[in-house]
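# Chains, contacts and geometry: an overview
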Amino acid sequence: PTELARRAILHAGQRHALRSHPAMRAHNEALTRFLWSGLRDAPDPAFCAELEQAYRSGARWVDGLLARTFALLRTRGLLENTLFIVTSDHGEAFGEHGMLLHGRQLYDELVRIPLVMGGVAPFDRPLESPASVSLVDLLPTLLDVVGLPTPPELDGRSLVPGLREDNVGLPAL
């Protein structure tokens with residue numbers, strides 16, 4: 001199943017055909033389950049490396065799109081009034097712990113995701129923090145940036161106070 005999975009996942013034309021062909025839509029989930037069932041039990045290291053390379057290539061492509069977007073905002077004079085946030089819903093595994101892509105486990109490679117914020121103050125200067133924060137902090141942070149109070153029933157906390165105090169990192173939750 002590795003070669004079939006390689007073609008179905010890594011080859012853009014075949015991936016598109018599987019997702020868009022009316023006859024395949026109903027079978028796509030079963031096909032995916034079949035492919036991963038064999039690979040999950042014994043992940044092929046070469047295939048895992050290919051998946052990771054494709055993943056990183058996709059991330060570089062998104063980086064390029066973001067750079068073009070920021071350049072366009074800058075040339076139109078809109079970047080100074082724009083807050084941007086880049087994050088993810090989950091990480092990916094490439095053979096670690098015998099896993100491929102993502103599932104319901106709580107390993108670092110699945111739960112640690114990027115959170116990049118930039119634009120208006122206090123996100124108008126470079127700051128990198130190794131501290132862990134949570135996505136539940138995102139809405140309180142956005143409300144704080146625009147000057148609105150955080151409703152008391154809302155989970156999370158604003159990340160802004162730690163940034164305004166020129167902390168080198170935010171405390172882990």
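Thresholds applied
- Here the residue numbers are simple positions, counted from 1 along each chain's written sequence.
- In keeping with the model being predicted, local features are shown solely for residues with a pLDDT of at least 70 and side-chain atom pairs are shown and tallied solely at 80 or more, while totals for entire chains, interfaces and linings include all residues.
- With hydrogens and water stripped out, all remaining heavy atoms of the structure feed into the side-chain values.
- Numbering of helices and strands starts at the N terminus; helices are DSSP runs of H or I of at least 4 residues and strands are runs of E of at least 2.
- Relative accessibility decides the category of a residue: with a 1.4 Å probe and only protein chains considered, values under 20% of the type maximum give buried, values over 50% give exposed, and everything between is partly exposed.
- Throughout, a residue-residue contact means that at least one pair of heavy atoms, one from each residue, lies within 4.5 Å.
- In this description, accessible areas are obtained by the Shrake-Rupley approach with a 1.4 Å probe, and a residue is regarded as covered only by the protein chains that are shown.
- Aromatic pairs are defined between Phe, Tyr and Trp rings, using the six-membered ring for Trp, whenever the two ring centres lie within 6.5 Å; interplanar angles under 30 degrees are classed as stacked, those over 60 as edge-to-face, and all others as tilted.
- Among buried residues, those of type Ala, Val, Leu, Ile, Met, Phe, Trp, Tyr and Cys that are joined through side-chain atoms within 4.5 Å constitute a nonpolar core.
- What a helix is expected to span follows from its residue count: subtract one and scale by 1.5 Å.
- As a per-residue quantity, pLDDT reports the predictor's confidence and falls between 0 and 100.
- Cavity and pocket criteria rest on a 1 Å grid covering protein atoms alone: a 1.4 Å probe that fits but cannot get out defines a cavity, protein on both sides within 12 Å along at least 5 of 7 lines defines an open pocket, and an atom within 4 Å of a point defines a lining residue.
- Grid points are joined across faces, edges and corners, and a volume is the space filled by probe spheres set on the points.
- Nonpolar residues are Ala, Val, Leu, Ile, Met, Phe, Trp, Tyr, Cys and Pro. Charged residues are Asp, Glu, Lys and Arg, and all others, Gly as well, are polar.
- Each salt bridge in this description consists of a side-chain nitrogen of Lys or Arg and a carboxyl oxygen of Asp or Glu lying within 4 Å of one another.
- Counting of polar contacts relies on pairs of N or O atoms within 3.5 Å, with two restrictions inside protein: one atom must be capable of donating a hydrogen and the other of accepting it, and residues adjacent in sequence are counted only when both atoms are side-chain atoms.
- Residues counted as positive are Lys and Arg, residues counted as negative are Asp and Glu, and His and the chain ends are not counted.

Along the backbone of the chain there are 7 helices and 4 strands. The 173 residues of the chain split such that 21% are buried. Once local pairs closer than 6 in sequence are excluded, the contacts in the chain between residues at least 24 apart make up 51%. For the chain, the computed accessible surface area is about 11600 Å², with 57% contributed by carbon and sulfur atoms.

This part takes up the packing of aromatic side chains. All chains considered together, the criterion is met by 1 aromatic pair. Ring geometry for Phe70 versus Phe84: centroids 4.3 Å apart, planes at 40°, classification tilted. Of the two residues, Phe70 sits in helix H4 (residues 45-75) while Phe84 sits in strand E1 (residues 83-87), which places them 14 residues apart along the sequence.

A few words on the nonpolar core. The tendency in soluble globular proteins is for nonpolar side chains to be buried side by side. Ranked by size, the top nonpolar core spans 6 residues in total: Met117, Phe123, Leu138, Val145, Val160 and Leu163. Breaking this core down by element, the ones donating at least two residues are helix H6 (138-145) and helix H7 (160-164). Sequence-distant contacts of Met117, that is, excluding residues within four places in its chain, are made with Phe84, Ile85, Phe123, Leu138 and Thr141.

The next subject is H4. For H4, which comprises 31 residues, the first-to-last C-alpha distance of 45 Å matches the rise-based estimate of 45 Å (1.5 Å per residue) to within 8%. All buried positions along H4 are accounted for by Phe47, Cys48, Leu51 and Phe70. Phi turns positive, to about 70°, at Gly77, one or two residues after H4.

On to the confidence of the model for the chain, then. On average, residues of the chain score 76 in pLDDT, and 66% of them reach the 70 mark or higher. Here helix H3 (residues 22-41) stands out as the element of the chain with the lowest mean pLDDT, 63, in contrast to H6, whose mean of 91 is the highest.

Attention shifts here to the layout of surface pockets. One number sums up the size of the second largest pocket: a volume of about 670 Å³. For the second largest pocket, the lining is made up of 27 residues, of which Tyr55, Arg56, Ala59, Ser88 and Pro114 are closest to its centre. Elements with a minimum of two residues in the lining of the second largest pocket: H4, E1 and helix H5 (108-111). A per-element tally of the lining of the second largest pocket places H4 first, with 11 residues. Classifying every residue of the lining of the second largest pocket gives 12 nonpolar, 5 polar and 10 charged.

This part covers the pattern of salt bridges. Tallied over the entire structure, the rule returns 1 salt bridge. A salt bridge links Glu52 to Arg56; the nearest nitrogen and oxygen atoms lie 3.0 Å apart. Of the two residues, Glu52 and Arg56 are both situated in helix H4; the distance of 4 residues between them amounts to about one turn of the helix. By relative accessible area, which is 47% here, Arg56 ends up partly exposed.

A separate point is the environment of Val116. Among the secondary structure elements, Val116 is positioned in strand E4 (residues 115-119). For the pair formed by Val116 and Val86, sequence separation is 30 residues and the distance between their alpha carbons is 5.0 Å. Leaving out residues up to four positions away in the same chain, Val116 has contacts with Phe84, Ile85 and Val86.

We now examine the environment of Thr75. Looking at the secondary structure, you find Thr75 in helix H4. When its relative accessible area of 65% is taken as the criterion, Thr75 is described as exposed. Within polar-contact distance, the side chain of Thr75 engages the backbone oxygen of Leu72 at 2.9 Å.

This part covers the side chain of Asp137. In this fold, Asp137 is placed in the loop between E4 and H6. Comment: no salt bridge for buried Asp137; closest opposite-charge side chain is Arg157, at 4.4 Å. A distance of 2.9 Å separates a polar side-chain atom of Asp137 from the backbone nitrogen of Arg157.

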